[in-house]
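Spelled out, the chains give:
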Amino acid sequence: MSDGRFIEVPYRMLPAETLDALLETFVTRQGYDTTDTGEGMRGWVGQLKHQLERGELIIAHDLQTETTEVLTLAQWRAFGRDLADDEEEG
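So, here's what we can say about the structure. This structure is a prediction, so every number in the text was calculated from the model and none was measured.

1. Quick look at the packing of aromatic side chains
Thought 1: For the structure on display, the rule yields 1 aromatic pair.
Thought 2: Ring geometry for phenylalanine 6 versus tryptophan 76: centroids 6.3 Å apart, planes at 90°, classification edge-to-face. Here phenylalanine 6, found in strand β1 (residues 6–8), pairs with tryptophan 76, found in helix α3 (residues 73–89); they are 70 residues apart in sequence, far enough to count as distant. Like tryptophan 76, phenylalanine 6 is buried.

Right under this line is the structure:
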């Protein structure tokens, strides 16, 4: 995002426990069925780590709200467009 409000956080810089907690929150927020993988939450976290490695997910920190979220690229791009639209209106 061009306004400097959001920064992408390289997932490799996060402690393992922090990354796992963020990914678990993402699974819960997205409403994933944790029985789908056969390994429960741990299975989803593993799958999401692979998606981070492939660049299909990003971790973004909002400097204004001081929150950190895992986002799909589509969510990131949509959020960026929504933010740009808000800035044009304001």
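2. A short note on helix α2 (residues 40–53)
Thought 1: Its 14 residues give α2 an end-to-end C-alpha distance of 21 Å, which sits within 8% of 20 Å, the value for a rise of 1.5 Å per residue.
Thought 2: For α2, the elements touching its buried residues are α1 (16–30) and β2 (57–62).
Thought 3: Where α2 terminates, the next one or two residues include glycine 55, which has phi positive at roughly 80°.

The rules behind these values
- Residues numbered from 1 in each chain as written.
- Predicted model: local features only at pLDDT ≥ 70, side-chain atom pairs only at ≥ 80, totals over all residues.
- Heavy atoms only, no water.
- Phe/Tyr/Trp six-rings, centres within 6.5 Å; stacked < 30°, edge-to-face > 60°.
- Helix = DSSP H or I, 4+ residues; strand = E, 2+ residues; numbered from the N terminus.
- Buried < 20%, exposed > 50% of the residue type's maximum accessible area, 1.4 Å probe, protein only.
- Expected span 1.5 Å × (residues − 1).
- Contact = heavy atoms within 4.5 Å.

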